[in-house]
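Next come the chains, spelled out residue by residue.
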Amino acid sequence: MNNFITKPEILSPAGDMEALSAALRFGADAVYVGGTQFSMRTSPKNFDAEALQKAVEMTHSFGKKLYLTCNILPRETELSLLPDFLKKAEKCGVDALIIADMGVLSLAQKYAPNTAVHMSTQVGIVNSESAKTLRNMGAARVVLARELSFREIIEIRRNIPADLEIECFVHGAMCVSFSGRCLISEYLTGRDPNRGDCSQPCRWKYHLYEENRSGNFYPVFEEDGGTYLYNSRDMCMIDHIPELVKAGISSFKIEGRAKTSYYTAVVTNAYRKALDAYFEAGCPDDFTTPDLIKEELEKISHREYNTGFYMGHTPGQTTENGGYIRRYDLVALCEEERDFGGIITQRNKFYLGDEVDILPPSGVPFTVKALRLVDEYSNEVDSTPHPMQRLELHADRPIPAGSYLRVKRKNS
């Protein structure tokens with residue numbers, strides 16, 4: 001193996017404590033979270049001061065790192081709130097602040113001087129001079145713009161100091177904006193995407209009306225549902241681990257702070273296993289990600305996958321529908337391992353006799369058959385109709401605590 005190759009960090013999203021726990025249990029080296037202020041995602045639960053302290057303590061107990069987003073573009077009235085926010089973040093012990101605004105960078109150096117700074121993709125860093133300037137201003141890491149190709153990333157890495165880390169998105173939702181900076185939502189709905197409140201109008205469906213003759217409707221569609229003109233595909237780089245590593249990327253970032261803990265677990269697990277397998281094989285150029293790992297990314301809800309801009313072309317749009325591809329349903333979480341199977345908490349309905357696909361926190365996925373279901377009153381049941389119901393699932397082998405249980409959808 002080339003001794004100069006450094007193993008990248010797997011950086012996972014966490015919108016709440018459940019997702020944070022999932023990221024840590026399924027192999028993240030670091031997690032990024034948002035506070036209740038100054039975060040580019042207002043829809044997740046996020047972390048108030050008390051929850052952030054607990055999140056830092058949990059993450060550090062795993063020997064991992066926690067980064068706090070402070071990446072909105074604050075308006076003048078919000079500036080006075082930043083010093084206290086930054087002081088509290090440093091006191092909590094976060095490992096880095098993710099920042100998009102030069103003024104916030106200056107304030108962070110004043111009020112959180114001992115906390116590393118990572119410059120967000122919202123900055124739009126597309127060349128080495130910008131990266132070096134930000135390093136000179138105190139940044140330890142730059143999150144490159146998502147619009148860069150492998151060739152451009154390699155050149156940037158070659159032309160910046162070795163101690164400046166590069167972070168790049170490798171998986172998750174993309175949008176039609178440049179590095180996350182968009183005005184469509186604010187223009188149409190008054191919700192500012194650059195302050196964490198995007199209404200995602202790029203995911204809406206659109207129709208065409210003829211201008212001069214009232215009532216003349218012209219449907220524009222691939223299918224009857226309308227046309228999703230701006231609806232970007234999801235990025236997936238699981239087949240390109242060697243190129244990502246050899247481009248000199250320090251951190252593989254997974255998008256999705258608004259996603260579920262199950263999504264976080266599956267994607268984190270897939271990239272963890274793929275990266276480990278590549279290094280265990282000695283980092284060969286002809287490494288191919290095992291199918292068993294790639295198949296996991298088909299078991300989460302997602303839009304059509306592609307490779308973003310890494311190959312030097314635009315991602316393209318998903319015009320056939322605005323929703324997700326869903327081949328599997330999450331049906332339960334295993335709370336306790338038992339010899340007969342496990343104690344589970346129901347998430348979606350499934351039935352006695354179903355083939356249940358298990359994603360354990362360690363090891364490889366496996367399948368069991370639901371041989372027997374027993375509710376909390378010791379009654380045998382033939383299905384699980386009640387959300388969050390605790391049941392005994394009897395199967396042909398034990399199910400590790402912390403495992404996610406999935407059932408394949410019919411006709412998928």
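Structure first, text after, so check above.
Conventions adopted
- Residues numbered from 1 in each chain as written.
- Predicted model: local features only at pLDDT ≥ 70, side-chain atom pairs only at ≥ 80, totals over all residues.
- Heavy atoms only, no water.
- Buried < 20%, exposed > 50% of the residue type's maximum accessible area, 1.4 Å probe, protein only.
- Helix = DSSP H or I, 4+ residues; strand = E, 2+ residues; numbered from the N terminus.
- Contact = heavy atoms within 4.5 Å.
- Pairing = 2+ DSSP bridges.
- Axes fitted to C-alpha atoms, helices over the stretch in contact; angles between N-to-C directions.
- Phe/Tyr/Trp six-rings, centres within 6.5 Å; stacked < 30°, edge-to-face > 60°.
- Lys NZ or Arg CZ within 6 Å of the ring centre and 35° of its normal.

## What to know about helix 1 (residues 17–25)
A turn of α-helix holds 3.6 residues, and therefore any two residues three or four places apart point the same way. Among the residues of helix 1, those classed as buried are Ala19, Leu20, Ser21, Ala22, Ala23 and Leu24. Looking at the buried side of helix 1, the elements it contacts are strand 1 (9–13), strand 2 (30–34), helix 2 (49–61), strand 3 (65–70), helix 9 (261–280) and strand 20 (404–408). Gly27 lies just past helix 1 and shows a positive phi near 115°.

## Side note on the sheet that holds strand 19 (residues 390–394)
Within the open sheet, the eight strands sit side by side as 16-15-20-13-14-19-17-18. Their pairing is antiparallel. Here the strands that pair on one side only, and so sit at the sheet edges, are strand 16 (366–369) and strand 18 (380–381). Here strand 14 (residues 341–346) pairs with strand 19 via five bridges, running antiparallel. Across the sheet, residue Thr345 finds its bridge partner in strand 19, namely Arg390. Where helix 9 meets the sheet, it contacts strand 13 (328–338), strand 15 (355–359) and strand 20, and its direction lies at approximately 90° from that of strand 20.

## Digging into the pairing of strand 13
Across five bridges, the pairing between strand 13 and strand 20 is antiparallel. In the sheet register, Leu333 faces strand 20, and the bridge partner there is Tyr404.

## Considerations on the packing of aromatic side chains
Per the counting criterion, the structure on display carries five aromatic pairs. Here Phe26 and Tyr404 contribute two aromatic rings whose centre-to-centre distance is 5.8 Å and whose plane-to-plane angle is 45°, an arrangement assigned as tilted. Of this pair, Phe26 sits in the loop between helix 1 and strand 2 while Tyr404 is found in strand 20, placing the two residues 378 residues apart along the sequence. Each member of the pair, Phe26 as well as Tyr404, is classed as buried. Plain terms: the ring middles of Tyr262 and Tyr404 are 5.5 Å apart, the flat faces sit at 55° to each other, and that makes the pair tilted. One end of the pair, Tyr262, is in helix 9; the other, Tyr404, is in strand 20, and 142 residues separate them in sequence. Given a relative accessible area of 2%, Tyr404 falls into the buried group. A cation over an aromatic ring shows up here: Arg146 above the ring of Phe169, its NZ or CZ 5.9 Å from the ring centre. A cation over a ring is seen here: Arg397 above Phe366, with NZ or CZ 3.7 Å from the ring centre.

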